[in-house]
Amino acid sequence: MARTGRRQFLGGLLAAGLIPKPTWADVGSPVFLSAAATPDGSYVLCGIDAALDVRFQIPLPTRGHAAAAHPSQPEAVAFARRPGTFAIIIDCITGVEKARIDSPMGRHFYGHGTFSSDGSLLFTTENDYEAGRGLIGVWDAQNGFARIDEWDSGGVGPHDIKRLPGTDMLVVANGGIYTHPETGRTKLNIPTMAPNLAYIEDGTVAEIASLPADMHKNSIRHLAVGPEGQVAFGMQWQGDGPVATLVGIHQMGQPVRLMTANANDLRAMQGYVGSIVLSSDGHTIAVTSPRGGFVQEYSVGVGALSKSSAIPDVCGAAVLGQSIFVSAGTGEIGPLNTGGPTLQRQMNVQWDNHLIPISTA
Amino acid sequence: MKRFLLTAVLAATPITANAQTATIDDIVNAHILPRFQTLAETSAHLATTARNDCSITSQTLQAAYSDAFDAWVSASHLRFGPTEVDDRAFALAFWPDSRGATPRTLAKLLTDQDPVIASAEDYAQVSIAARGFYAMEFLLYDEALSNIGDADDHCTLIQTVTTDIATTSAAILDDWKTDYAARLSSPDASGTYRSEEEVLQELFKTLATGLQFTSETRLGRPLGTFDRPHPTRAEGWRSGRSARHVGLSLAALNDLALRLSNDDLDISERIETSFERSIALLAELNDPIFTGVAAPQSRLKVEVLRQSIDSIRALVRDELGPTLGVAAGFNSLDGD
């Protein structure tokens, strides 16, 4: 009750114009966003506080995926699951939907996006599906999220997108896979797919990092950035037989570093990384595999797997302070370091793919 | 406590080890090997026929092509192991070809009179889009392409493509017989498959992906959207084979699904009933190349057919999957 009271109090102050511009610090909570499915089969977006209580729940028309948090204001954009065409802008104080945007004709969202450093622009990964071209949609966040531009993503099938800290350099995971909404998620170009990491600033591709040719079927899908601009990336193997690695890290101007793991641990992930995070000190990468039911941690310094934990249907992952939090389709959510296969909280929803941190603390 | 644990394990995996081995052996010997055997034989016959008569109007050549293509479609869901080495499956079947790479590449080879068209061995190095059954369909049935270039070159190209198909099909069969069948039948800790359960999961995945492909691609492409149907994106419409492929794939997937579910009579019967329904709906359509997708009433019937296949997918995912130890989690099934 107390929390609700505070939220209503803040909302009231806002309505009365007593607080000129709320910031994340004013909100206090929530600290995470996650899409979810409820027991009655409907889809929602949840705001989750540090005590892992759900602070708000917003209905979504279809299944959600990831979200993008505004860098300074308590505002976030939640995206539909691929090949969805809508995104909703949420006030994270009140949990109220402020606006809704739709992808332009002939485009669909991939489910990820990010804001510019000053929060004035929103960038979304999109598919120009007739041309089979990856795009970054550019939206004016200060003008009702008007569509103002679109840029080449530097590859096919852009999925995750992040911004390097303290800059407006975007990094895009071009998964390499061409799909068309008319054929659902059928992959149309596996023999020729060529994933990459593309760095883009102001519409210009500044650098492209690629994988060795024999790994061209390893789709780079999810990203985590560190304070020094390190980019950890998680992959999804589209080839047959064992995969060489599912995790790598890159820094602009340097070669890609691929992480190693023994064959059995790697195999346990079933060729699939669903989410990736980098610890706040940049020393640990954690990746989740709902298919394998494992979270695996890699030591960045050593370049190798350091720990593997079994958690059924685990997928969401986010860093809060010194801890890595994960969430699962079973409804479990909690920090990793508590040990054991059971997480701290069991909620009455199915947590979807991504856990999005929304505090800048 | 020990007894409790044992009971729990048995409850979670209702199929016993012996039954698992029998199921795998049955699928390898009665489902997989005969399909690749037929593919190799009909492809060899196609290559020989083309060497003797490469005229695109030749009934013998068209019949040989049809038989070999049938054999491929009936095996096309078996996408693991030998079919994936060197992208062999794509070398046999580059479809869907959303960017029109197949006709473009073939036209260029003919226009340039590229010497590669005379060597099946070298031809394996050309763009994968210009190889296989869909390239052959353009060479045999596409009016624009049959008028490009020199007639002798056209003939040579047909002979080369069919020889390449035969070589690829023979290599797949050879790998299955000399190596991969044993990997499935005798899983071991250091092998490709560590347990019978892993083998069954691979076979399950192949069933689920095959159903998905037939629904989303074989039917999804021509259906397009209500406002923008695309009858000429149907598979094999030039040779009149679109509905035939849906029928062949349903028959093959039905066979695999029944073999995978033969230890659970209830699931097995429901699978059979649901396949029968889809096959009956397809027959009722009586629309060989799905031209009906463009007219509202006939389109509805194609949509109903697709929905019936999607209900098989749901049955397979929700009921058959768990009996084979496949996790049906909210995220594990999502794939993104």
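The rules behind these values
Residues numbered from 1 in each chain as written. Chains lettered and ligands numbered in written order. Predicted model: local features only at pLDDT ≥ 70, side-chain atom pairs only at ≥ 80, totals over all residues. Helix = DSSP H or I, 4+ residues; strand = E, 2+ residues; numbered from the N terminus. Rg over C-alpha atoms; globule rule 2.2 N^0.38 Å. Buried ≥ 20, exposed ≤ 12 C-beta atoms within 10 Å, placed from the backbone. Contact = placed C-beta atoms within 7 Å. Core = buried A, V, L, I, M, F, W, Y, C linked by C-beta atoms within 7 Å. Pairing = 2+ DSSP bridges. UniProt positions renumbered as here; feature names shortened; annotations may be inferred. Domains from an automatic or database assignment. Nonpolar A, V, L, I, M, F, W, Y, C, P; charged D, E, K, R; others polar. Axes fitted to C-alpha atoms, helices over the stretch in contact; angles between N-to-C directions. Parallel < 35°, antiparallel > 145°, perpendicular 65-115°, else oblique. Left-handed = near helix turned anticlockwise from the far one by under 90°.

**Student:** What am I meant to see in the overall build of chain B here?
**Tutor:** The helix and strand inventory of chain B stands at 13 helices and zero strands. Going from N to C terminus, chain B has its helices and strands arranged as α-α-α-α-α-α-α-α-α-α-α-α-α. For chain B, whose C-alpha radius of gyration is 22 Å, the value lies close to the compact-globule estimate of 20 Å for 336 residues. Overall, chain B is about 80 × 50 × 35 Å in size when its C-alpha atoms are taken along their principal axes. Per-residue burial for chain B yields a buried fraction of 45% across its 336 residues.

**Student:** What is the right way to read the overall build of chain A from this model?
**Tutor:** A count of helices and strands for chain A gives three helices and 28 strands. Against the compact-globule benchmark of 21 Å for 361 residues, chain A has a radius of gyration of 19 Å, which places it among compact chains. Every one of the 361 residues in chain A was classed for burial, and the buried ones make up 50%. The long-range fraction of contacts in chain A, counting pairs at least 24 apart against all pairs at least 6 apart in sequence, stands at 47%.

**Student:** Before we go on, may I ask you to explain the nonpolar core in this structure?
**Tutor:** Where a protein is soluble and globular, its nonpolar side chains tend to be buried together. With 92 residues, the main nonpolar core has A:A67, A:A76, A:A78, A:I276, A:I285 and A:V326 as its most contacted residues. Among the nonpolar cores identified, the runner-up in size contains 90 residues, and B:F90, B:L139, B:L140 and B:L203 belong to it.

**Student:** Quick question: what am I supposed to make of the pairing of strand β7 (residues 96-102) of chain A here?
**Tutor:** Along a regular strand, successive side chains alternate from one face of the sheet to the other. Residue and element names in this part refer to chain A. Pairing of strand β6 (residues 86-91) with β7 involves six bridges; the strand directions are antiparallel. Bridge pairing in β7 places I90 opposite E97. The loop that links β6 with its antiparallel partner β7 comprises four residues; one of these, G95, has a positive phi angle of about 75°.

**Student:** Mind showing me how you'd approach the UniProt feature "domain: Imelysin-like" (unreviewed entry) in chain B here?
**Tutor:** Listed under "domain: Imelysin-like" (unreviewed entry) in the UniProt record, and renumbered for this structure, are residues 32-311 of chain B. Between the C-alpha atoms that bound residues 32-311 of chain B there is a distance of 25 Å. The span itself is 68% helix and 0% strand.

**Student:** What should I look at first to understand the domain arrangement of chain B in this one?
**Tutor:** For interface size, the figure often reported is the accessible area lost on association. Residue and element names in this part refer to chain B. Here chain B is described as being made up of domain 1 (17-185) and domain 2 (196-323). Domain 1 puts 25 residues into the contact, and the matching count from domain 2 is 27 residues. Of all elements in the fold, only α2 (17-52), α3 (59-75) and α7 (132-141) reach the threshold of two or more residues within the side of domain 1 that touches domain 2. Considering each element in turn, the side of domain 1 that touches domain 2 owes the most residues, nine residues, to α2. Considered class by class, the residues forming the side of domain 1 that touches domain 2 number 13 nonpolar, seven polar and five charged.

**Student:** Even after reading the chapter, I still don't get the environment of B:V293, so can you show me in this structure?
**Tutor:** All names here are of chain B. If you trace the backbone, V293 turns up in the loop between α12 (265-285) and α13 (296-323). It is 27 Å that separates the C-alpha atoms of V293 and Q62, two residues lying 231 residues apart in sequence. Those residues in contact with V293 that sit more than four places away from it in its chain are P222, L223, P229, P231, R299 and V302.

**Student:** I keep staring at α7(B) and nothing clicks. Help me out?
**Tutor:** One turn of an α-helix holds 3.6 residues; hence residues three or four places apart share an orientation. All names here are of chain B. Most of α7 sits out of view: nine of its ten residues are buried. Taken together, the buried positions of α7 are G132, F133, Y134, A135, M136, E137, F138, L139 and L140. Contacts made by the buried residues of α7 are with α3, α4 (88-92), α5 (101-111), α8 (143-146) and α9 (151-185).

**Student:** Explain the packing of helix α10 (residues 196-223) of chain B against helix α11 (residues 242-260) of chain B to me, please; I cannot follow it from the model alone.
**Tutor:** Helix packing for two helices is described by the angle between their axes and how far apart those axes are. All names here are of chain B. Contact geometry of α10 with α11 gives a least axis separation of 10 Å together with a crossing angle of 155°. Overall, the two elements α10 and α11 adopt an arrangement that is roughly antiparallel. Along this stretch, α10 crosses α11, giving a crossing that reads as left-handed. Across the interface between the two elements, L203, F204, L207, G210, L211, T214, R218 and L219 from α10 touch H245, V246, S249, L250, L253, L256, A257 and L260 from α11.

**Student:** Mind showing me how you'd approach the pairing of strand β18 (residues 247-250) of chain A here?
**Tutor:** Residues and elements named next belong to chain A. Neither face of β18 is exposed, since V247 and I249 on one face and G248 and H250 on the opposite face are all buried. Pairing between strand β17 (residues 231-237) and β18: four bridges, direction antiparallel. Paired with V231 across the strands is H250, a residue of β18. Sheet topology places β18 next to strand β19 (residues 257-258); two bridges connect them, and they run antiparallel. Across the sheet, residue G248 finds its bridge partner in β19, namely L258.

**Student:** I tried to follow the environment of A:S308 on my own but got confused; where do I start?
**Tutor:** Residues and elements named next belong to chain A. Within the fold, S308 resides in strand β23 (residues 304-310). The sequence separation of S308 and A318 amounts to ten residues, and the corresponding C-alpha distance is 17 Å. If near-sequence neighbours (up to four positions away) are discounted, S308 is found in contact with D265, A268, F294 and Q296.

**Student:** Would you explain unusual backbone geometry in this entry?
**Tutor:** Glycine aside, residues mostly have negative phi angles, and peptide bonds mostly take the trans form. For the bond running from A:R82 to A:P83, omega is -5°, close enough to zero to count as cis. Relative to the elements of secondary structure, A:P83 occurs in the loop between β5 (75-80) and β6. Residue B:W95 is joined to B:P96 through a cis peptide bond whose omega torsion reads 5°. Secondary-structure assignment places B:P96 in the loop between α4 and α5.

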